[in-house]
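Here's the letter readout for the chains.
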Amino acid sequence: MTIWAILPAAGIGRRMGSITPKQYISVCGTPVLVHSIERLLAVEEIQQLVVVLQEDDIWWSELNFYDPRMLTTWGGDERFNSVLNGLEAIIERAEPDDWVLVHDAVRPCVTQADIRQLILELSEHNVGGLLATPIDDTVKKIGVDEHVIGTLDRNGLWSALTPQMFRFELLYKALSNAVTKGISVTDEASAVENLGLKPKVVMGEKSNLKITHEADLIIAEAFLSSEGIE
Ligand code: C5P
């Protein structure tokens, strides 16, 4: 049984407001995407990594990054289209029961320990699941004019992180179902939930942040420096 990894890296990062997509911005002297790739390749259990790029990407070839366990393919309009393209790239070689780990290219601080724990806790699970972390803040629902219209009970509310880990056949079915029904899903787990299944959460580190805004780069830099990465 093979463990595959898919790294969707085909976003343009509208919220960052920078010309360079956020996966190509350097943190501790190395592009975010390269940190993420290296973090996944450091886990020997992962036998092949598919990096999904924008079709008009002009930055990737500049990196001159090569690894025998890595291949690239083109992304789609939304994140879930990109992940589905990643699955298409290995469809001839993947077995239905193989595991697939999907990790956002813009989460460069994921730890090997978290990835290993995810694999360990889910390897016998019949659905699969994801790294996640409980929400500590009080969560407000906001209506028009930025006024609070309610406070959610944070008990049982978790933030979904990545990697998310599902079997090839189930993930392919879940994402194809989202495409066919025109449901825009922002993670793999919600595509699987739409099939009536319940993914398991595995507690992950809060440091596994998604680079979204400029301030996130500073936090990532501080975290990676604390690990001795310069
Ligand atoms: O936009 P967001 O922050 O949710 O993106 C999460 C990840 O999905 C990023 O690594 C981004 O490059 C990727 N993505 C993609 N294809 C898209 C949109 C986003 O691979 N069409």
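About the thresholds
Residues numbered from 1 in each chain as written. Predicted model: local features only at pLDDT ≥ 70, side-chain atom pairs only at ≥ 80, totals over all residues. Heavy atoms only, no water. Helix = DSSP H or I, 4+ residues; strand = E, 2+ residues; numbered from the N terminus. Rg over C-alpha atoms; globule rule 2.2 N^0.38 Å. Buried < 20%, exposed > 50% of the residue type's maximum accessible area, 1.4 Å probe, protein only. Contact = heavy atoms within 4.5 Å. Areas by Shrake-Rupley, 256 points an atom, 1.4 Å probe, with all protein chains shown as cover. UniProt positions renumbered as here; feature names shortened; annotations may be inferred. 1 Å grid on protein atoms, 1.4 Å probe; cavity = no way out; pocket = protein on both sides within 12 Å on 5 of 7 lines; lining within 4 Å. Disulfide = S-S within 2.5 Å.

Caption draft 1: Highlighting the overall build of the protein. The number of helices and strands found in the protein is 7 helices and 11 strands. Taken over the C-alpha trace, the protein has a radius of gyration of 17 Å; the compact-globule value for 230 residues is 17 Å, and the two agree within 12%. In terms of its C-alpha atoms, the protein occupies a principal-axis envelope of roughly 50 × 40 × 35 Å. Across the 230 residues that make up the protein, the buried fraction comes to 48%. Looking at the protein alone, contacts between residues at least 24 apart form 72% of all its contacts between residues at least 6 apart. Accessible surface for the protein amounts to roughly 11800 Å². Of this, 50% is attributable to carbon and sulfur atoms.

Caption draft 2: Spotlight on the UniProt feature "site: Transition state stabilizer" (unreviewed entry) in the protein. The residues that UniProt annotates with the feature "site: Transition state stabilizer" (unreviewed entry) are Arg15 and Lys22. Put simply, the named residues that line the second largest pocket are Arg15. Here lysine 22 shows up in the loop between β1 (3–9) and β2 (26–27). Judged by its relative accessible area of 9%, lysine 22 is buried.

Caption draft 3: Up close: the state of the cysteines. With the rule as written, the count across this model stands at 0 disulfides. Unpaired in terms of disulfides, cysteine 28 finds its nearest cysteine sulfur in cysteine 109, a separation of 8.4 Å. Assessed through its relative accessible area of 6%, cysteine 28 is described here as buried. Assessed through its relative accessible area of 1%, cysteine 109 is described here as buried.

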